[in-house]
Amino acid sequence: MATTTASNPSLAQKLRGLSGEVVKFAIVGLSGVVVNFAVFWICINGFHLASLRSNIAATLVAIATNYLGYRYWLYRDRDAASRKREITLFLLFSGAGMLIETGVLGFSVYVLGLDSHFEQLAAKVAGLAVATVFRFVSYRTWVFTAIPEPEAAEGEAPGLVAQAELMLATEQIRYAKAE
């Protein structure tokens, strides 16, 4: 069976599609970062929580806002058949990202002794950068899986089409005999 350019995109087309996805991921992520840093700043200054507790609270709020952006904007065309699986994996990988981010923050505060609020923000930025790469790969690979292309099941399709045509022909014969 011959493949066409449309069914087998070139590397340049794949990279263009990926770059668009990266831009949208960055927009949703940036809104989550704004929420994350706002809640973090409020927690350490307004509620005087410890930096790690503030980070966990801020990240949990950002995870919730990011899920909405990813599901209903960036990955809206992806398979949503098993929402329970998707949410479970999203929370699992988001939690792992939170551990990465919090680990970098904890290392900078408790090992390096960087404990001013601005130093904590800088450590949070570094941890967030590492966690973002992890989350992007995880979300697009395992959480928001692509709907299988029709070509992927092409080997089975001729058999299914033949069966459907046979069933239709049988029904037409029965219908003709009934008249």
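As the structure is a prediction and not an experimental result, all values here were calculated from the model.

**Regarding the overall build of the chain**
So, point 1. Within the chain one finds 5 helices and 0 strands.
So, point 2. The 179 residues of the chain split such that 29% are buried.
So, point 3. Put simply, 74% of the contacts in the chain that link residues at least 6 apart link residues at least 24 apart.
So, point 4. For the chain, the exposed surface amounts to about 11,400 Å²; the carbon and sulfur share of it is 70%.

**Side note on the side chain of Asn36**
So, point 1. You can see Asn36 is positioned in helix H1 (residues 11-46).
So, point 2. When near neighbours in sequence (up to four residues on either side) are disregarded, Asn36 contacts Ala58, Thr59, Ala62, Glu101, Lys124 and Leu128.

**Things to note about the packing of helix H2 (residues 51-74) against helix H4 (residues 117-143)**
So, point 1. Remark: H2 packs on H4, axes separated minimally by 13 Å, with the N-to-C direction vectors making an angle of 35°. Crossing hand, H2 versus H4: right-handed. Between H2 and H4, the residues in contact are Ser51, Asn55, Thr59 and Tyr70 and Gln120, Lys124, Arg135 and Tyr139, respectively.
So, point 2. Considering only residue class, the contact of H2 with H4 consists of 2 nonpolar, 4 polar and 2 charged.

**Thoughts on the confidence of the model for the chain**
So, point 1. Averaged over all residues, the pLDDT of the chain is 83; the fraction at 70 or higher stands at 75%.
So, point 2. A low-confidence stretch, residues 1-5 (pLDDT under 50), is modelled with 3 contacts involving residues beyond four sequence positions or located in other chains.

**Notes on the pattern of salt bridges**
So, point 1. Counted according to the given criterion, the structure contains 5 salt bridges.
So, point 2. For Glu86, the salt bridge goes to Arg71, with nearest N and O atoms at 2.4 Å. Of the two residues, Glu86 is situated in helix H3 (residues 83-111) and Arg71 in helix H2; the sequence distance between them amounts to 15 residues. Considered together, Glu86 and Arg71 belong to a single accessibility category, that of buried residues.
So, point 3. Glu86 sits in the buried class, given a relative accessible area of 1%.

**Brief notes about unusual backbone geometry**
So, point 1. One non-glycine residue, His48, adopts positive backbone phi at about 55°.
So, point 2. Among the residues examined, His48 registers a relative accessible area of 64% and is labelled exposed.

**Notes on the environment of Arg140**
So, point 1. Among the structural elements, Arg140 can be located in helix H4.
So, point 2. Distance in space between the C-alpha atoms of Arg140 and Phe25 is 9.8 Å, their sequence separation being 115 residues.
So, point 3. Among the polar contacts made by the side chain of Arg140, one reaches the side chain of Glu21 at a distance of 2.9 Å.

**As for the packing of aromatic side chains**
So, point 1. Under the counting rule described, the total for this entry stands at 16 aromatic pairs.
So, point 2. Aromatic rings pair up to connect Phe25, Tyr67, Tyr70, Tyr75, Phe90, Phe136, Tyr139 and Phe144 into one cluster.
So, point 3. Across from the ring centre of Trp73, 5.6 Å away, lies the NZ or CZ of Lys24, which sits over that ring.
So, point 4. Geometry around Phe37 places Lys124 over its ring, the cationic atom sitting 5.5 Å from the centre.

What counts, and where the lines are drawn
- Residues numbered from 1 in each chain as written.
- Predicted model: local features only at pLDDT ≥ 70, side-chain atom pairs only at ≥ 80, totals over all residues.
- Heavy atoms only, no water.
- Helix = DSSP H or I, 4+ residues; strand = E, 2+ residues; numbered from the N terminus.
- Buried < 20%, exposed > 50% of the residue type's maximum accessible area, 1.4 Å probe, protein only.
- Contact = heavy atoms within 4.5 Å.
- Areas by Shrake-Rupley, 256 points an atom, 1.4 Å probe, with all protein chains shown as cover.
- Axes fitted to C-alpha atoms, helices over the stretch in contact; angles between N-to-C directions.
- Left-handed = near helix turned anticlockwise from the far one by under 90°.
- Nonpolar A, V, L, I, M, F, W, Y, C, P; charged D, E, K, R; others polar.
- pLDDT = per-residue confidence, 0-100.
- Salt bridge = Lys/Arg side-chain N within 4 Å of Asp/Glu carboxyl O.
- Polar contact = N/O pair within 3.5 Å; in protein donor to acceptor, adjacent residues only side chain to side chain.
- Phe/Tyr/Trp six-rings, centres within 6.5 Å; stacked < 30°, edge-to-face > 60°.
- Lys NZ or Arg CZ within 6 Å of the ring centre and 35° of its normal.

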